[in-house]
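Each chain, letter by letter, is given below.
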Amino acid sequence: MTDEEHYQQGMEVRRAVLGDKHVDRTLSQLTPLNEEFQNFITRYAWGDIWTRPGLERHTRSMITIAMLIALNREAELKMHLRAAFNNGVTRDELKELIMHSALYCGLPAANATMHLAQQVFDEMDAAG
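Note that the structure is predicted; figures quoted are calculated from it, not measured. Note that residues are indexed from 1 along each chain, following the sequence as it is written. For a predicted model such as this one, the threshold for reporting local features is a pLDDT of at least 70, and the threshold for listing and counting side-chain atom pairs is 80 or more; totals across whole chains, interfaces and linings nevertheless cover every residue. Hydrogens are left out, water is left out, and the side-chain values use all remaining heavy atoms of the structure.

Describing helix α7 (residues 107-127)
Helix and strand definitions follow DSSP, with helices as H or I runs of at least four residues and strands as E runs of at least two, each counted in order from the N terminus. In this scheme, a helix's expected span is set at 1.5 Å multiplied by one less than its residue total. Across its 21 residues, α7 extends 30 Å between first and last C-alpha, which sits within 8% of the 30 Å expected from 1.5 Å per residue. Working definition: with a 1.4 Å probe on protein chains only, accessible area under 20% of the residue-type maximum means buried, over 50% means exposed, and in between means partly exposed. Taken together, the buried positions of α7 are Ala 109, Ala 110, Thr 113, Leu 116, Ala 117, Val 120 and Phe 121. All buried residues of α7 fall inside an arc of 145 degrees around its axis, so they share one side. Opposite the buried face of α7, by more than 90 degrees, sit the exposed residues Leu 107, Pro 108, His 115 and Ala 126. Should any heavy atoms of two residues lie within 4.5 Å, those residues are considered in contact. Among the structural elements, α4 (57-71), α5 (74-84) and α6 (91-105) are those in contact with the buried residues of α7. Just downstream of α7 lies Gly 128, where phi reads positive at about 95 degrees. It is the directions from the helix axis to the C-beta atoms whose arc is reported.

This is the structure we're talking about:
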């Protein structure tokens, strides 16, 4: 598969997971500094990794969120908490993931994520 084919496949998955609004906003903010990086993310993360046949997107979302909790990457975590719903993850599953993360990532990380998840849920509820 060519780089362009990986990019197109990645863009399709990226839009399906993150939503057109998020992806369009990101693309509208391309600069000479970040353009190659965004292309790399689309080709590699979304076109190579998220398209692999070994795991469903639901599972990939859960794994990604767990790793972002452990790494304390709030902005990416918030984005993936929202995106998880596009992959069939439920609020109850997210609650259980956060509870489980308290054991392996620590209480402060889980507590911060619980607050962040509530913020995401409130924003989604307000948007309808």
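Still more ground to cover, so stick around.
Observations regarding the confidence of the model for the protein
As a per-residue quantity, pLDDT reports the predictor's confidence and falls between 0 and 100. On average, residues of the protein score 96 in pLDDT, and 100% of them are at 70 or above. Mean pLDDT across the elements of the protein ranges from a minimum in helix α1 (residues 3-18), with 95, to a maximum in α4, with 98.

Comments concerning the UniProt feature "domain: Carboxymuconolactone decarboxylase-like" (unreviewed entry) in the protein
UniProt positions are given in the numbering used here, feature names are shortened, and annotations may be inferred rather than shown by experiment. With numbering aligned to this structure, UniProt lists the feature "domain: Carboxymuconolactone decarboxylase-like" (unreviewed entry) at residues 36-118. Taken end to end, residues 36-118 is 81% helix and 0% strand, and its two terminal C-alpha atoms sit 34 Å from one another.

So, the domain arrangement of the protein
Assigned domains within the protein: domain 1 (1-52) and domain 2 (56-127). Computed from C-alpha atoms alone, the centre-to-centre distance between domain 1 and domain 2 is 22 Å. Between domain 1 and domain 2, the residue contacts involve 10 residues of the former and nine residues of the latter. Taking both sides of the interface into account, the surface hidden between domain 1 and domain 2 amounts to around 810 Å²; carbon and sulfur atoms contribute 61%. A simple way to read buried area is as the amount of 1.4 Å-probe accessible surface that goes missing from two parts once joined, with both sides added. When residues of domain 1 are sorted by the area they lose upon contact with domain 2, Val 17, Leu 18 and Trp 50 head the list and together hold 61% of the total. Should a side-chain nitrogen of Lys or Arg be within 4 Å of a carboxyl oxygen of Asp or Glu, the pair is scored as a salt bridge. The interface formed by domain 1 and domain 2 contains zero salt bridges. Throughout this description, a polar contact denotes any pair of N or O atoms lying within 3.5 Å of each other; where both atoms belong to protein, one of them has to be capable of donating a hydrogen while the other can accept it, and for residues adjacent in sequence the pair is counted only when both atoms sit in side chains. Between the two partners, domain 1 and domain 2, sit three residue pairs in polar contact (both at pLDDT 80 or more). Elements represented by at least two residues in the side of domain 1 that touches domain 2 include exactly α1 and α3 (35-49). Considering each element in turn, the side of domain 1 that touches domain 2 owes the most residues, four residues, to α1. Amino acid classes used here: Ala, Val, Leu, Ile, Met, Phe, Trp, Tyr, Cys and Pro are nonpolar; Asp, Glu, Lys and Arg are charged; the rest, including Gly, are polar. Here the residues of the side of domain 1 that touches domain 2 sort into seven nonpolar, two polar and one charged. Domain delimitation in this document rests on an assignment produced automatically or drawn from a domain database.

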